[in-house]
Amino acid sequence: MKKVEAIIKPFKLDEVREALTEVGITGMTVTEVKGFGRQKGHTEIYRGAEYAVDFLPKIKLELVLPDALVEQAVETIIQAAHSGKIGDGKIFVSNIEQAIRIRTGERDDAAV
Ligand SMILES: Nc1ncnc2c1ncn2[C@@H]1O[C@H](COP(=O)(O)OP(=O)(O)OP(=O)(O)O)[C@@H](O)[C@H]1O
Ligand SMILES: [Mg+2]
């Protein structure tokens, strides 16, 4: 199993959720977060230099998936979250050791 963590622009959330639902993703966690990338949030020019101004609001999606579904989920997120402008976000993929459905005690692929 893997965890796919995607930081996206808030206005893209509905589109990304719909696209992921269409490819059969059955669960996800969504969190409102703040962050910055290499432009350090929005930037402004002050005396000819760029200064970091702020964190920008972003949405973090977390999906835990069987390995076989990861590539499709990643491609779906890229397609739906892409605007082509800076700040479109990032996707991180990491290993998950265990998953357990609390109600039934099912584990791993059966639990996600
Ligand atoms: N290295 C990182 N580690 C953790 N979170 C990150 C990292 N880089 C970006 N993020 C998160 O993703 C959000 C969007 O990043 P962003 O898309 O601006 O990345 P970027 O590298 O600056 O790419 P771009 O040039 O397309 O803007 C950030 O606000 C932050 O929340
Ligand atoms: Mg950026």
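What comes next is a walk through the structure. Keep in mind that what you see is a predicted model, and the values were worked out from it rather than measured.

Some words on the site of ligand 1
Near ligand 1 lie 13 residues; those nearest to it are Gly35, Arg38, Gly87, Gly89 and Lys90. Between glycine 35 and ligand 1, the recorded distance is 3.2 Å, taken from a backbone N or O atom to an oxygen atom. The backbone of phenylalanine 36 places a nitrogen or oxygen atom 3.1 Å from an oxygen atom of ligand 1. A total of 610 Å² of accessible area belongs to ligand 1 in isolation, and the protein chains cover 71% of it. Using a 2 Å cut-off from the grid points, one finds that ligand 1 occupies the largest pocket. Element by element, the count of residues in the shell around ligand 1 is highest for strand β6 (residues 89-95), at three residues. Tallied by class, the residues present in the shell around ligand 1 amount to four nonpolar, five polar and four charged.

So, the layout of surface pockets
When its volume is computed, the largest pocket comes out at roughly 450 Å³. Taken together, 20 residues line the largest pocket, and the ones lying closest to its centre are Phe36, Gly37, Arg38, Gln39 and Gly87. The set of elements that each furnish at least two residues to the lining of the largest pocket consists of β2 (29-35), β5 (56-65) and β6. Tallied by class, residues from the lining of the largest pocket come to six nonpolar, seven polar and seven charged. As a volume, the second largest pocket reaches approximately 230 Å³. Lining the second largest pocket we find 15 residues, and of these Gly27, Met28, Leu63, Val64 and Val112 sit closest to its centre.

Observations regarding the side chain of threonine 76
Considering the arrangement of structural elements, one finds threonine 76 in helix α2 (residues 67-81). Filtering out sequence-adjacent residues up to four positions away, threonine 76 remains in contact with Ala19, Leu20 and Val23.

What to know about helix α1 (residues 13-22)
Every buried residue belonging to α1 is among Val16, Ala19 and Leu20, and all of these are buried. All buried residues of α1 project into a common sector of 100° when viewed along the axis, lining one side. Buried-residue contacts for α1 involve β1 (2-8), β5 and α2.

Cut-offs and rules
Position numbers for residues start from 1 in each chain and track the written sequence from start to end. As a convention, the first chain written is A and the first ligand written is 1, with the rest following in written order. Two thresholds apply to this predicted model, a pLDDT of at least 70 for residue-level local features and 80 or more for giving and counting side-chain atom pairs, whereas whole-chain, interface and lining totals are computed over all residues. Heavy atoms throughout the structure, all of them, feed into the side-chain values; hydrogens and water do not. Proximity is defined per residue: any heavy atom of the residue falling within 4 Å of a molecule or strand makes that residue near it. Definition of a polar contact: a pair of N or O atoms within 3.5 Å, with one able to donate and the other able to accept a hydrogen when the atoms are protein atoms, and with sequence-neighbouring residues admitted only if both atoms are side-chain atoms. Using a 1.4 Å probe, the Shrake-Rupley method yields the accessible areas, and only the shown protein chains count as cover for residues. Only protein atoms enter the 1 Å grid used here. Points where a 1.4 Å probe fits but cannot escape make up a cavity, open sets with protein on both sides within 12 Å along at least five of seven lines make up a pocket, and a residue lines them when an atom lies within 4 Å of a point. Here the criterion for a molecule occupying a pocket or cavity is that more than half of its atoms lie within 2 Å of the pocket grid points. The helix and strand labels rest on DSSP assignments: H or I over at least four residues marks a helix, E over at least two residues marks a strand, and numbering proceeds from the N terminus. All residues other than Ala, Val, Leu, Ile, Met, Phe, Trp, Tyr, Cys, Pro, Asp, Glu, Lys and Arg, Gly among them, are scored as polar; the first ten of these are nonpolar and the last four charged. Grid points are joined across faces, edges and corners, and a volume is the space filled by probe spheres set on the points. When checking whether two residues touch, look at their non-hydrogen atoms; a contact exists if any pair is within 4.5 Å. Per-residue accessibility, obtained with a 1.4 Å probe over protein chains only, is compared with the maximum for each type, and a residue is labelled buried under 20%, exposed over 50%, and partly exposed between these values. The directions considered for the arc run from the helix axis to the C-beta atoms.

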